[in-house]
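# Survey of secondary and tertiary structure
Chain residues, written in single-letter form:
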Amino acid sequence: MTIQERAQQLEMLADQVPTGIALATKSELADLQSQVLGLLGETTTATAIQGSIQLAAQQIDDVAAALENVRIQIRDAAQHHLQG
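Definitions and limits used
Residues numbered from 1 in each chain as written. Predicted model: local features only at pLDDT ≥ 70, side-chain atom pairs only at ≥ 80, totals over all residues. Heavy atoms only, no water. Helix = DSSP H or I, 4+ residues; strand = E, 2+ residues; numbered from the N terminus. Contact = heavy atoms within 4.5 Å. Axes fitted to C-alpha atoms, helices over the stretch in contact; angles between N-to-C directions. Parallel < 35°, antiparallel > 145°, perpendicular 65-115°, else oblique. Left-handed = near helix turned anticlockwise from the far one by under 90°. Nonpolar A, V, L, I, M, F, W, Y, C, P; charged D, E, K, R; others polar.

What follows is about the environment of Leu67. Along the chain, the position of Leu67 falls in helix α3 (residues 44-83). Taking C-alpha positions, Leu67 is 19 Å from Gln79, a pair spaced twelve residues apart along the chain. Leaving out residues up to four positions away in the same chain, Leu67 has contacts with Val17, Pro18, Thr19 and Ala22.

Take a look at the structure:
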């Protein structure tokens, strides 16, 4: 396999990093949060659930950042191969 072919394969791998999954999950949580508020109103239970959802959303942000870092590192490796 040539260096160019390796770089191209690395680029394809970078595109496969599932960054969109984390963002889609966060969006689903936001919808869930709205539904909980609609069902329970401004209650202690709703506040507790919302706190848990917000914590999960923060953790998803961390996962999304980590996945983006993986994607960038793979792309950097591809560029390194191309530069020789």
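Relative orientation of the contacting elements helix α1 (residues 3-16) and α3 amounts to 165°, with a least axis distance of 8 Å. By the angle between their axes, α1 is roughly antiparallel relative to α3. Where α1 crosses over α3, the two elements pack in a sense that is left-handed. Packed against α1, whose contacting residues are Ile3, Gln4, Arg6, Ala7, Leu10, Glu11, Leu13, Ala14 and Asp15, the element α3 presents Arg71, Ile74, Arg75, Ala77, Ala78, Gln79, His81 and Leu82 at the interface. Of the residues that constitute the contact of α1 with α3, the class distribution is nine nonpolar, three polar and five charged.

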